[in-house]
Amino acid sequence: MSSAGTPETDTGVRLAASLIASPHAHGGNSVAQTMLRVKMALVPATVFGFWLFGWQSFFLWALTILSCLGFEVLALRLTGSKRIKATLLDGSALLTGWLLAMSLPPWAPWWVAVLGGLIAIVVGKQVFGGVGQNVFNPAMVARVALLVSFPVPLTQWVTPLPLSLAESPDFVHSLRQFLTSMPVPDAMASASVLGYSKTELSRGVDLLHSLYSVHAPGLSWLGSRAGSFGESASLLIFGGGLYLLARGIITWHTPVAVLAGLAIPAAIGHSVDPAHYLSATVHLLSGAAMLGAFFIATDYVTSPNTATGQFVFGLGIGLLTWVIRTYGGYPEGLAFAVLLMNALTPVIDRLIKPRILGRDRKGKPLTIPESGKA
Amino acid sequence: MGLMKSFERILGHNWGVHPADHKRPAADQPVRKLPLPPRVHLMLQQHVGAAARPIVLVGQKVKKGELIAAAQGNISAPLHASTSGTITAIGEITAPHSSGLPGMAISLDSDGEDAWIEMDVPANPFTLSPADIAERVAQAGIVGLGGATFPSSVKLNLGRRSGIDTLIVNGSECEPYLSCDDRLMRDKAGDIVSGIRLMLISTGAKVAKVGIEDNKPEAIATMQKAVAGFAEIVVVPVPARYPMGSDRQLIIELSGREVPSDARAADVGVIVHNVGTAYAVQQAICLGRPLIGRLMTLNGGAAATPGNYEVLFGTLISDLIALTGGQRSGTQGEIAKLVMGGPMMGSILPHTLVPVVKGTSGILLLDAREAAESDSEACIRCGRCIKACPMGLLPLEMSARIRNDDMDGASNLGLADCIACGCCAYVCPSHIPLVQYFYHAKGDLSERQRAVLRGEATKKLAQQRQSRLERAARERAEAAALRKAQRAAQQATDAAKEKEPA
């Protein structure tokens, strides 16, 4: 037998392409682009927050993000990563910082931002092995650690003082207040709706009286009320969430389940005993409900894989949040609820799997239907 | 069923992806016949099953359509000369596979005549018996032209034996860039319908459903016109969604039946054939022509004249490119990736000196822009791969296990059910080469399975040897004992004899 082909003499084109398995096409999606869209969805609420809470909230936001980026670089250096720049550019650390800032009191001092970044990135993410490996939502780990360790600065709310008003502190004044950790002036200190109602209830004043007294913090749809940086503009957060849904970054399962898990028990409780149970509207528009439903609970890494799993996960978060808010020691419980459900995520993923085509839910091959041959 | 389906749809399992199809303008070009190449190289293995066995000698003159290699075994296909000329070699040539490994081929120098052999044409093909049709299909060397290249006659016979009721004709052509099936349906609808009628006779199916993706309105219209007189054949437009052309997905779409994972389509009463196969059946039965060439798509950014071409099997890709006007000029004409088949499931070819085979539905000359690759990053568990997977698998979980060398874990998650359609890798924002992982794991698992079998065989041999040795030892011992007993008896008699006289 002789050789059939004579490649040496023929004029074939030899290719240097890497011999890699199919597909040889890609949808063009990337991690950085996904993260960028999430950030874009956060922009309206964030800008509105700057306007409401002034320069100090901007410093807090910027320093939290810088801290996250800094600790990310440090952690990657220590682990000997060769992809430091690429990892920074995927935008996940930046997003963690942003979400953490959104969950903090807008006038929190500088060290809260720095410490928050350290906990979120190093403890919450890098010790697990970096992006994609963490069990708990890094921003929520930091938020809860800060709240438990430093309850006073983490519950120091201020009345919104829009930048357009004359009383709003100027750049220099805000910077000094931010860096020197001066206590919030009494005149500006306020309480969030959830915190105030909890305090009043514990003093024996029921909701019917406390919420309608002159000193009660208002519940404004437009967000001009005391609360976390990202809490105040619930409607803008909601709008950002709709954008994420429209762009296919998230699906409806998690946010709808979180909001339903919170609103349904709230509505039932409120209809039974309005004096002791806040209404569903207050629950949905207060605290981190909207931010949590659309931006925190939907975190890919720490939530279940399947649509059904995500629905169960979301319901759990909503329900636990309501339970903690209503019966727990803290006025707000979303961060705790998220962490608890994060811990359950591997279990949910183990129990809820998609059905493989041609197999039943248990993974056994389907039986051949008799009617199929008829 | 309907309720469950809509429920699953609401819950969001919209499997598959919608890649940019890049089918036009190539699909709208009229079919061109590729000029005769100087030489063809016919691979002996261009179908699923055993390779064909050469029955010609070097130096022998053959006519176009003459049998040059016979089928071997139950699952195989014969091979015919794709043009007239002289056999110049029987030996190894680079196979059209990404490994670049060689395979056996028969090389044939064209005499330029392209003269057909005498053909046996039945007077009325539609009165042939079912078995006769299947036999003629087998003789013609017809295999599944959708890319699977499974010998068609085996499927026809299987269908008849299993008593199927529905023949599904796959005209979905869901791979981007490819348009040969589209073109064939537009130009040869009548012949395809004749082929379908013959396949209906041969399989005994009562109805044929032709599934065509709705991004091919011209093909749907022509086919609908062509089936007008035949109540048993219906054309069903299906949504354009990759991988609609995959057997199991198309069967669900057209018949509502789900093939159990350990069963064949025939077990639920259906058989799937490609439109190109139907056309080849018509050519073989009505005109007596064996399968010696096919319609295929040449496409991609670096192709100078993208379109559909009638190409003889064995034509080298380098000849194909040269005879169709070469590559585009300038940097765009640089081929960054040479793909046989579609971009989603096709394989990369190592160079252009490989021949066109029966399963070649297209050759893509992808330019640098089309072939751009990104570094893969860590999985962020976004779950897009899960939503895209048409089989309901968990690609991210399987790849995580494969990375940790936990092949059994991946296998437990359903690795064997993966059809390698590439949807997961297509949507992955981290650009993880998931299909590569799955191929690797499947290879590893089958290697291990072979090792287990080998181990068992060795063990069996060792046990046999052991028992053989034991038996030999036992026999030796018995023989020794026997000898000893005889000697003792002898001594006893000797002693007795000695005693006696005394």
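In every chain, residue numbers begin from 1 and rise along the written sequence. For this description, chains carry letters from A and ligands carry numbers from 1, given in the order in which they are written. Confidence filtering applies because this is a predicted model: local features only for residues at pLDDT of at least 70, side-chain atom pairs given and counted only at 80 or more, and all residues used for totals across whole chains, interfaces and linings. Processing note: side-chain calculations cover all non-hydrogen atoms of the structure and skip hydrogens and water entirely.

With respect to the pairing of strand β7 (residues 85–94) of chain B
Residues and elements named next belong to chain B.
(1) Moving on: Counting buried residues in β7 gives seven out of 10 residues, a clear majority hidden from the surface.
(2) Moving on: Bridge count for strand β4 (residues 61–62) against β7 is two bridges, and the pairing is antiparallel. Note that in β7 the partner of Val62 across the bridge is Gly85.
(3) Moving on: Here β7 pairs with strand β8 (residues 102–110) via nine bridges, running antiparallel. In the sheet register, Ile90 faces β8, and the bridge partner there is Ile106. The cut-offs for exposure are 20% and 50% of the maximum accessible area for each residue type, with area from a 1.4 Å probe on protein chains only; residues under the lower value are buried, those over the upper are exposed, and the others partly exposed. Only DSSP runs of H or I covering at least 4 residues are called helices, and only runs of E covering at least 2 are called strands; the numbering of each starts at the N terminus. Two strands form a pair only when DSSP identifies at least two bridges running between them.

A short note on the sheet that holds β4 of chain B
(1) Moving on: The antiparallel open sheet is built from four strands, whose spatial order is β2-β8-β7-β4 (chain B). Since the sheet does not close on itself, it has two edges, and those belong to β2 (39–43) and β4 of chain B, each with one partner.

Topic: the confidence of the model for chain A
(1) Moving on: Overall, the predicted model of chain A reaches an average pLDDT of 84, with 85% of residues at or above 70.
(2) Moving on: Confidence scores here are pLDDT values: one per residue, from the predictor, ranging 0 to 100. We call two residues in contact when some of their heavy atoms are within 4.5 Å. Across residues 1–10 of chain A, confidence stays below pLDDT 50; counting only partners more than four residues off in sequence or on other chains, it has 23 contacts.

Quick word on the sheet that holds strand β5 (residues 67–70) of chain B
Each strand in a sheet pairs with its neighbour through backbone hydrogen bonds, running either in the same direction (parallel) or in the opposite one (antiparallel).
All names here are of chain B.
(1) Moving on: One open sheet accounts for three strands, arranged β3-β5-β6; its pairing is antiparallel. Of all the strands in the sheet, the pair left with one neighbour each is β3 (53–54) and β6 (79–80).
(2) Moving on: Pairing of β5 with β6, which is carried by two bridges, proceeds in the antiparallel orientation. Residue pairing in the sheet places Leu67 in a bridge with His80 of β6.

Brief notes about the nonpolar core
(1) Moving on: Ranked by internal contacts, the top residues of the largest apolar core, which has 86 residues, are Ile196 and Ile363 of chain B.
(2) Moving on: With eight residues, helix α8 (residues 275–287) of chain B is the single largest residue contributor to this core.
(3) Moving on: Once residues within four sequence positions are removed from consideration, Ile363 of chain B is found in contact with Met296, Thr297, Leu298, Asn299, Ile317, Leu320, Leu338, Val339, Met340 and Leu349 of chain B.
(4) Moving on: Counting 66 residues, the second largest nonpolar core, distinct from the first, contains Val38, Phe53, Val141 and Phe336 of chain A. The definition of a nonpolar core used throughout is a set of buried Ala, Val, Leu, Ile, Met, Phe, Trp, Tyr and Cys residues joined through side-chain atoms within 4.5 Å.

Quick notes on the interface of chain A and chain B
(1) Moving on: Taken together, the contacts link 61 residues of chain A with 86 residues of chain B.
(2) Moving on: Summing the contributions of chain A and of chain B, the shared interface buries around 5800 Å²; its carbon and sulfur component is 56%.
(3) Moving on: Counted as salt bridges are all cases of a side-chain nitrogen of Lys or Arg within 4 Å of a carboxyl oxygen of Asp or Glu. Inspection of the chain A/chain B interface yields three salt bridges.
(4) Moving on: In this structure, the salt-bridge partner of Arg359 of chain A is Asp417 of chain B, at a minimum N-O distance of 2.6 Å.
(5) Moving on: Under the rule applied, a polar contact is a pair of N or O atoms within 3.5 Å (in protein, one hydrogen donor and one hydrogen acceptor; residues adjacent in sequence only if both atoms are side-chain atoms). There are 19 residue pairs in polar contact (both at pLDDT 80 or more) connecting chain A and chain B.
(6) Moving on: At the level of secondary structure, the elements contributing two or more residues to the side of chain A that touches chain B comprise α1 (31–79), α14 (307–327) and α15 (334–351) of chain A.
(7) Moving on: Three categories are distinguished: nonpolar for Ala, Val, Leu, Ile, Met, Phe, Trp, Tyr, Cys and Pro, charged for Asp, Glu, Lys and Arg, and polar for the others, with Gly belonging to the last. A per-class count over the side of chain A that touches chain B returns 26 nonpolar, 26 polar and nine charged. As used here, buried area is the combined drop in accessible area, with a 1.4 Å probe, of two parts when they are placed together.

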